[in-house]
Amino acid sequence: MRKYEVVIISKVGDEEVLNATIAKFENIIKNTGGTVDKVDRWGKKRLAYEVKDVMEGYYTLINFTAEPATVFELERVLKITDDVLKHMVIKLED
């Protein structure tokens, strides 16, 4: 298993919606055989440029350990989730 981190920029909105969105991605990692090591909520920040007509986003960093198949599934769901403005998954060095 490999270590990864994903940065997710979500639309700023209701706190319950943000919590549900973050929990959704944590559950995808757990249900596909990975483990969530750390969730770091950076909070609301102004974007450098407008993305999907939005100028502010809620930043979340999730560190996790998983197989590459988990990363493919996570990225697939991140791409089709409307509340996600941008995301980036990075494989960490061993």
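These notes cover the structure that comes with them. (Residues numbered from 1 in each chain as written. Predicted model: local features only at pLDDT ≥ 70, side-chain atom pairs only at ≥ 80, totals over all residues. Heavy atoms only, no water.)

1. So, the sheet that holds strand E4 (residues 84–91)
Then, in step 1: Pairing in this open sheet of four strands is antiparallel, and the strands run E2-E3-E1-E4 from one edge to the other. Each of the sheet's edge strands pairs with one partner strand only, and the pair in question is strand E2 (35–51) and E4. Sheet twist, expressed as the average angle between the axes of neighbouring strands with direction ignored, equals 20 degrees.
Then, in step 2: Pairing between E2 and strand E3 (residues 54–66): 11 bridges, direction antiparallel. Bridge assignment links Val 39 to a residue of E3, and that residue is Ile 62.
Then, in step 3: On top of the sheet, helix H1 (residues 15–31) reaches strand E1 (2–11), E2, E3 and E4; it is set at about 135 degrees to E2, its chief contact. (Pairing = 2+ DSSP bridges. Helix = DSSP H or I, 4+ residues; strand = E, 2+ residues; numbered from the N terminus. Axes fitted to C-alpha atoms, helices over the stretch in contact; angles between N-to-C directions. Contact = heavy atoms within 4.5 Å.)

2. Quick word on the pairing of E3
Then, in step 1: The buried fraction of E3 amounts to 11 of the 13 residues, a majority that puts the element mostly inside the structure.
Then, in step 2: Relative to E3, E1 is paired through 10 bridges, and the arrangement is antiparallel. Pairing of Arg 2 across the sheet is with Ala 66, part of E3.
Then, in step 3: The hairpin turn running from E2 into E3, its antiparallel successor, is two residues long, and Lys 52 in that turn takes a positive phi close to 50 degrees. (Buried < 20%, exposed > 50% of the residue type's maximum accessible area, 1.4 Å probe, protein only.)

3. Re the side chain of Thr 65
Then, in step 1: Its place among the elements puts Thr 65 in strand E3.
Then, in step 2: Judged by its relative accessible area of 13%, Thr 65 is buried.
Then, in step 3: One polar contact links Thr 65 to Asp 37, side chain to side chain, over a distance of 2.8 Å.
Then, in step 4: Aside from chain neighbours lying at most four places away, what touches Thr 65 is Met 1, Arg 2, Lys 3, Gly 34, Thr 35 and Asp 37. (Polar contact = N/O pair within 3.5 Å; in protein donor to acceptor, adjacent residues only side chain to side chain.)

4. Things to note about the pairing of E1
Then, in step 1: Direction of pairing for E1 relative to E4: antiparallel, over a ladder of seven bridges. Directly across from Val 6, in E4, lies its bridge partner Val 89.

5. Let's talk about the pattern of salt bridges
Then, in step 1: Tallied over the full model, the rule gives three salt bridges.
Then, in step 2: A salt bridge links Asp 37 to Lys 3; the shortest N-O distance between them is 3.8 Å. Note that Asp 37 is positioned in strand E2 and Lys 3 in strand E1, a separation of 34 residues in sequence.
Then, in step 3: Residue Glu 73 is joined to Arg 76 by a salt bridge in which the shortest nitrogen-to-oxygen separation is 2.9 Å. Here Arg 76 and Glu 73 lie together in helix H2 (residues 68–80), a separation of three residues that amounts to about one turn.
Then, in step 4: With a relative accessible area of 27%, Glu 73 lands in the partly exposed category. (Salt bridge = Lys/Arg side-chain N within 4 Å of Asp/Glu carboxyl O.)

These figures come from the coordinates and say nothing about function on their own.
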